[in-house]
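Descriptive structure summary
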Amino acid sequence: MSGPVRGWGSVCRAKGSVPALSVVRGNRLTAIPRNPERCGRARNSGIRQRSACERSVVTPALWLPICGLAGTSVALAVGWLRQRGTRNAGIVDVLWAASLGVLALAYAAFGDGWAPRRALVAVLAGAWSARLTLHLARRVGSEREDGRYAELRRKLGGRFDRWMFVFFQAQAVLASALALVFLVPSFAEHASWRIWDALAVVLWVVALTGESLADRQLRAWRVDPANRGRTCRTGLWRFSRHPNFFFEWLNWIAYALLGIGLSFGWALWLAPALMLFLIVRVTGIPPTEEQALRSRGDDYRAYQRTTSAFFPWPPRRVSQVAMEAP
């Protein structure tokens, strides 16, 4: 067989020759001779599908995500058992952040794409995961259970542990799905740097810096006893009620930029779209603000009236808010 074959399906040569099996290698398929009788039957039937021999070949691009999901599921199950003893479900956030870093390093290590891009994925995802994991672990280890989980524990009573097992496993699935943004560039064989790679790194630096600064500003505010019951309005928190969520979202856009021009790179845009939906509508802003209203009441309501919920924006003046009030 002359040259690599591109595309899925049984690959046969001219009549009388030995058919070949295409095996994924990055973005390319490499032909391997297989059983001519089986391949001939597939050719004669006119059906473009992989043969039984071909289906038996499992490539790293397929088994890595499967193993990643299995490992993440086990890790989150262990975390669920731990929270039953500690009564602090915040460990789920720690394990979610850590599992993404581990998956990124695994994909970069076992991928067969261009080595410099694989190294870039490992550095970006590894650094982001390490910072967030340490930040969350420090908070879980030194503070009471997050108010969101504490409220669920109160509401669900005896059903809490069963519900949380499902939630922990859902986080394992989410982490495995999001980690596909690390898989695609790790198997891409485009062997050169592009403008999109530079833009992705710049955006990643902005995202990591912003998220780190927002977390540091909020932590400094919360440790001061004089601020108990009051809302942080300093630094980035003056322009957004959730700057940490905003910069977290930017982090995922960086990987979408990294995928532009690569095979299946378009799919990487699903990650920031999914994260935006979850942050704004499901597990991010809604439960966080419900807890803030329970603990800070009118002070937080005033904060809501003057400050953007997600995208950083100059706060509205109190006089402007009063004029818009019914």
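These numbers come from a predicted model, not from an experiment. (Residues numbered from 1 in each chain as written. Predicted model: local features only at pLDDT ≥ 70, side-chain atom pairs only at ≥ 80, totals over all residues. Heavy atoms only, no water.)

For the protein chain, the count of helices and strands is 14 helices and two strands. For the protein chain, buried positions account for 45% of its 326 residues. Put simply, 73% of the contacts in the protein chain that link residues at least 6 apart link residues at least 24 apart. Taken as a whole, the protein chain presents about 17,200 Å² of accessible surface, with 63% of it coming from carbon and sulfur. (Helix = DSSP H or I, 4+ residues; strand = E, 2+ residues; numbered from the N terminus. Buried < 20%, exposed > 50% of the residue type's maximum accessible area, 1.4 Å probe, protein only. Contact = heavy atoms within 4.5 Å. Areas by Shrake-Rupley, 256 points an atom, 1.4 Å probe, with all protein chains shown as cover.)

Bringing the packing of helix α9 (residues 195-222) against helix α10 (residues 243-258) into the picture now. Between α9 and α10, the shortest axis-to-axis distance is 8 Å and the interhelical angle comes to 165 degrees. Judged on the interaxial angle alone, α10 and α9 are roughly antiparallel. Handedness of the α9/α10 crossing: left-handed. Note on element contacts: α10 touches α9 through Pro243, Asn244, Phe247, Glu248, Leu250, Asn251, Ile253, Ala254, Tyr255, Leu257 and Leu258, opposite Trp196, Asp197, Leu199, Ala200, Leu203, Trp204, Val206, Ala207, Gly210, Glu211, Ala214 and Asp215. Here the contact of α9 with α10 is composed, by residue class, of 16 nonpolar, three polar and four charged. (Axes fitted to C-alpha atoms, helices over the stretch in contact; angles between N-to-C directions. Parallel < 35°, antiparallel > 145°, perpendicular 65-115°, else oblique. Left-handed = near helix turned anticlockwise from the far one by under 90°. Nonpolar A, V, L, I, M, F, W, Y, C, P; charged D, E, K, R; others polar.)

What follows is about the packing of aromatic side chains. According to the stated counting rule, one finds 18 aromatic pairs in the structure shown. Ring geometry for Trp96 versus Trp128: centroids 6.4 Å apart, planes at 80 degrees, classification edge-to-face. Taken together, the residues span a long stretch of sequence, with Trp96 in helix α4 (residues 91-110) and Trp128 in helix α5 (residues 115-142) at a distance of 32 residues. In terms of burial, Trp96 and Trp128 fall into one category: buried. The interplanar angle of 80 degrees and the centroid separation of 4.9 Å between the aromatic rings of Phe310 and Phe311 together place this pair among those described as edge-to-face. Given the relative accessible area of 5%, Phe310 is considered buried. Overall, Phe311 belongs to the partly exposed group, its relative accessible area being 45%. Ring pairing ties together the aromatic residues Trp96, Trp128, Phe182, Trp252 and Tyr255, which thus form one cluster. Here the basic side chain of Arg148 rests over the ring of Tyr149, its NZ or CZ set 5.4 Å away from the ring centre. (Phe/Tyr/Trp six-rings, centres within 6.5 Å; stacked < 30°, edge-to-face > 60°. Lys NZ or Arg CZ within 6 Å of the ring centre and 35° of its normal.)

All right, on to the nonpolar core then. Counting residues in hydrophobic clusters, the biggest one holds 61 residues, and the most contacted among them are Trp96, Leu100, Phe182, Trp252 and Tyr255. Those residues in contact with Phe182, other than ones at most four positions away along the chain, are Leu100, Ala104, Tyr107, Val121, Ala125, Trp252 and Tyr255. Core analysis: the next-biggest nonpolar cluster, separate from the first, contains seven residues, Ala214, Cys232, Trp237 and Tyr303 among them. (Core = buried A, V, L, I, M, F, W, Y, C linked by side-chain atoms within 4.5 Å.)

Our next topic: a nonpolar patch on the surface. On the surface, Ile195, Trp196 and Leu199 cluster together into a nonpolar patch covering about 290 Å² of accessible area. Mapped onto the secondary structure, Trp196 falls in helix α9. (Patch = residues over 30% accessible without salt bridge, like charges linked within 9 Å, V, L, I, M, F, W, Y side chains within 5 Å. Salt bridge = Lys/Arg side-chain N within 4 Å of Asp/Glu carboxyl O.)

So, about the pattern of salt bridges. Counted under the stated rule, the structure contains 14 salt bridges. One salt bridge connects Asp161 with Arg84, and the closest N-O pair in it is separated by 3.4 Å. Of this pair, Asp161 sits in helix α7 (residues 160-178) while Arg84 sits in helix α3 (residues 60-86), placing them 77 residues apart in sequence. Residue classification places Asp161 among the partly exposed residues on the basis of a relative accessible area of 22%. The partly exposed category is assigned to Arg84, whose relative accessible area is 46%. A salt bridge links Asp146 to Arg148; its shortest N-O distance comes to 3.1 Å. Judged by relative accessible area, Arg148 falls into the buried class, the value being 18%.

What follows is about the side chain of Arg148. Along the chain, the position of Arg148 falls in helix α6 (residues 147-156). For Arg148, the contacting residues outside a window of four places in its chain are Asp93, Thr283, Pro287, Thr288 and Gln291.

On average, the protein chain scores 85 in pLDDT, and the residues at 70 or more come to 79%. Within the model, the stretch residues 1-34 combines pLDDT values under 50 with 82 contacts to residues more than four positions away or in other chains. Note that pLDDT drops below 50 for residues 38-57; the model gives that stretch 25 contacts with residues more than four away or on any other chain. (pLDDT = per-residue confidence, 0-100.)

Quick look at the environment of Ala170 now. Mapped onto the fold, Ala170 is located in helix α7. The sequence separation of Ala170 and Leu76 amounts to 94 residues, and the corresponding C-alpha distance is 9.3 Å.

Moving on, we get to the side chain of Ser186. Its place among the elements puts Ser186 in helix α8 (residues 180-187). Under the relative-accessibility criterion, Ser186 is labelled buried at 0%. For Ser186, the contacting residues outside a window of four places in its chain are Tyr107, Ala108, Gly111, Asp112, Gly113, Arg118 and Val121.

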